[in-house]
Amino acid sequence: MRSVFANAKIIDLDSIFAEKYILITEISRDIFKAKELLSQGELVGIPTETVYGLAGNALNEDSLLKIYKTKNRPGFDPLIIHTDSFEKIKAYANEIPDMFEPLFNKFSPGPLTYVVEKKKSISDIATSGLKTMAVRVPNHDLTLDLLKILDFPIAAPSANLFGKISPTSPQHVYNQLNGKIPLILEGGNCNIGVESTIIRFNKDEIIVLRLGGTSIEELHDFLPNIKITYKSNHQIDAPGQLRSHYATKTPLLFGNIEENIQHKNPDKTGIISLSKLFPEINNSNQRQLSVINDLNEAAKNLFKVMHELDTLNLEIILAEEFPEKGLGKAINDRLKRASINW
Ligand code: TXA
Ligand code: MG
């Protein structure tokens, strides 16, 4: 039985959505169609600057359950709420810490997600029973236009199947969710390419729960006197931090490529590097994320390259460790979680 946790009750998802019919998945830019579908409780793939999201009406519990079911997502992994303004966030949050508004004015719309206490109107199903919710305003014109015409916020995890690589193009969403959702909004390739940074507030401190599109350096530059702590890894404060996230089907080894490359088959080994080429390995299996060593460009290309290499029937993918600065930290985090040796 697949189930989600809500109000200490176990809800059997399979019994709620027993219908077995195949949907035709349309790809278009029609935000009015998206509005209609979301209002009816259906799910829609939406573009954001980070990754594509699988959106449902955050005030409709059936839609929320459908999100978990469609992604095969465990019920203990809460969703991110998306809306388009500070006023709307205030309407659903119980308490807004002092630091919230200046941060919001600086970084939103953008790849920063804030964990705040939620009001009752946001269902425990969205937050996996937590009394807090994660909320953000995505920076993508089409999705902002959609959010403006909705009279409810949307819950949107990344539009991939649980544990798989996040989608950064409509085609990536289609490849994983074709036949499961009626519409994907066509918003091009994602500009940032890794998920949002998630923060929570602790008195005068900011705790980073997930590394992502807003770098710790940017937060620090903006609030130089505030302590910013990254609570790394295994803590389930941000359950999306589970180890086996973002996995390629092909085993991926993270770390020093010069060492890991020994005795590998040149035609069956893939490479993910920042800018270096490895003459030992067939060129067509190698992906440089940024030949000009730009970590923002590298982040933008990361998931696309992981999707691509995963279709080449390779035995192994070797990924190097990126410089631990700026978005390099988020890239390393995703590669570690995708790897078999971390
Ligand atoms: O960039 C993004 O944030 C993308 C796009 C679609 O907006 N969304 C995304 O959602 O990455 P998802 O579901 O893949 O990741 C959501 C993560 C959860 O895994 C969980 O760790 C964290 O957000 N989260 C959600 N609610 C939380 C809460 N109340 N407290 C702490 N972490 C929370
Ligand atoms: Mg995700």
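Residues numbered from 1 in each chain as written. Chains lettered and ligands numbered in written order. Predicted model: local features only at pLDDT ≥ 70, side-chain atom pairs only at ≥ 80, totals over all residues. Heavy atoms only, no water.

Caption draft 1: Representation of the nonpolar core within the structure. Ile272 and Leu335 are the most contacted members of the largest nonpolar core, which has 72 residues in total. With eight residues, the top contributor of residues to this core is helix H10 (residues 295-309). The next biggest cluster of nonpolar side chains, apart from the first, holds 16 residues, and it includes Ile31, Ala34, Ala55 and Ile154. (Core = buried A, V, L, I, M, F, W, Y, C linked by side-chain atoms within 4.5 Å. Buried < 20%, exposed > 50% of the residue type's maximum accessible area, 1.4 Å probe, protein only. Helix = DSSP H or I, 4+ residues; strand = E, 2+ residues; numbered from the N terminus.)

Caption draft 2: Molecular detail of the sheet that holds strand S16 (residues 269-273). If you trace the four strands from one edge of the open sheet to the other, you get S15-S18-S16-S17, paired in parallel fashion. Strands with a single pairing partner mark the edges of an open sheet, and in this sheet they are strand S15 (252-254) and strand S17 (286-288). In this sheet, adjacent strand axes meet at a mean angle of 15 degrees when their direction is disregarded. In this structure, S16 lies alongside S17, joined through three bridges in parallel fashion. In the sheet register, serine 273 faces S17, and the bridge partner there is glutamine 288. Against the sheet, H10 makes contact with S16, S17 and strand S18 (316-319), and its axis sits at roughly 175 degrees relative to S16, the strand it touches most. Across the sheet, helix H11 (residues 328-338) is in contact with S15, S16 and S18; its angle to S15 comes to roughly 130 degrees. (Pairing = 2+ DSSP bridges. Axes fitted to C-alpha atoms, helices over the stretch in contact; angles between N-to-C directions. Contact = heavy atoms within 4.5 Å.)

Caption draft 3: Examining the environment of alanine 126 more closely. Structurally, alanine 126 can be placed in the loop between strand S8 (112-118) and strand S9 (132-136). Under the relative-accessibility criterion, alanine 126 is labelled buried at 0%. With 49 residues separating them in the primary sequence, alanine 126 and aspartate 77 have C-alpha atoms 9.0 Å apart. In contact with alanine 126, not counting residues within four places along its chain, are Leu64, Tyr68, Pro78, Leu79 and Ile81.

Caption draft 4: Region of the structure containing the confidence of the model for the protein. Averaged over every residue, the pLDDT of the protein is 92; the share at 70 or more is 89%. Confidence over residues 1-9 falls short of pLDDT 50; this stretch has 25 contacts with residues more than four positions distant or in other chains. (pLDDT = per-residue confidence, 0-100.)

Caption draft 5: Region of the structure containing the pattern of salt bridges. What the rule picks out here adds up to 14 salt bridges. Glutamate 42 is the salt-bridge partner of lysine 66, the closest N and O atoms lying 3.5 Å from each other. Placement of the pair is lysine 66 in helix H3 (residues 61-71) and glutamate 42 in the loop between helix H2 (31-39) and strand S4 (44-46), with a sequence separation of 24 residues. A single burial state applies to lysine 66 and to glutamate 42, both of which are buried. Its salt-bridge partner being glutamate 49, residue arginine 136 comes within 2.9 Å of it at the nearest N-O pair. With arginine 136 in strand S9 and glutamate 49 in the loop between S4 and strand S5 (53-57), this residue pair connects regions lying 87 residues apart in the sequence. Judged by relative accessible area, which is 2%, arginine 136 ranks as buried. Of the residues examined, glutamate 49 reaches a relative accessible area of 4% and is grouped as buried. Three or more residues joined by partner-sharing salt bridges are found here, namely Glu195, Asp333, Arg334 and Arg337. (Salt bridge = Lys/Arg side-chain N within 4 Å of Asp/Glu carboxyl O.)

Caption draft 6: Focus on helix H7 (residues 170-177). Of all the residues in H7, the buried ones are Pro170, His172, Val173, Gln176 and Leu177. Projection of H7 onto a plane perpendicular to its axis shows the buried side chains occupying an angular sector of 160 degrees, all on one side. Glycine 179 lies just past H7 and shows a positive phi near 90 degrees. (Arc of directions from axis to C-beta.)

Caption draft 7: Highlighting the packing of H10 against H11. Contact geometry of H10 with H11 gives a least axis separation of 9 Å together with a crossing angle of 20 degrees. Considering their axes alone, H10 and H11 lie roughly parallel with respect to each other. Read as a crossing pair, H10 and H11 show a hand that is left-handed. From H10, Leu295, Ala298, Ala299, Leu302, Phe303 and Met306 reach across to H11, where they touch Gly328, Ile331, Arg334, Leu335 and Ala338. Grouping the amino acids of the contact of H10 with H11 by side-chain chemistry returns nine nonpolar, one polar and one charged. (Parallel < 35°, antiparallel > 145°, perpendicular 65-115°, else oblique. Left-handed = near helix turned anticlockwise from the far one by under 90°. Nonpolar A, V, L, I, M, F, W, Y, C, P; charged D, E, K, R; others polar.)

Caption draft 8: Local environment of the site of ligand 1. Near ligand 1 you find 27 residues, and of these Thr50, Arg73, Asp77, His82 and Ser196 are the closest. A distance of 2.9 Å separates an oxygen atom of ligand 1 from a polar atom in the side chain of arginine 210. Mapped by element, the contributors of at least two residues to the shell around ligand 1 are strand S6 (80-82), S9 and strand S13 (205-210). (Near = heavy atom within 4 Å. Polar contact = N/O pair within 3.5 Å; in protein donor to acceptor, adjacent residues only side chain to side chain.)

Caption draft 9: Here's a closer look at unusual backbone geometry. Residue serine 108 is joined to proline 109 through a cis peptide bond whose omega torsion reads 0 degrees. Position of proline 109 relative to the elements: it lies in the loop between helix H5 (100-107) and S8. For lysine 203, which is not glycine, the phi dihedral falls at a positive 50 degrees. A positive phi is found at asparagine 313, a non-glycine position, where the angle reads about 55 degrees.

Caption draft 10: Geometry of the pairing of S18. Judged by which residues are buried, S18 turns out to be covered on both faces: Ile316 and Leu318 on one side and Ile317 and Ala319 on the other are all buried. As paired strands, S15 and S18 are joined by three bridges and run parallel to one another. Bridge pairing in S18 links leucine 253 to leucine 318. Sheet analysis places S16 next to S18, joined by four bridges and oriented parallel. Paired with isoleucine 272 across the strands is alanine 319, a residue of S18.

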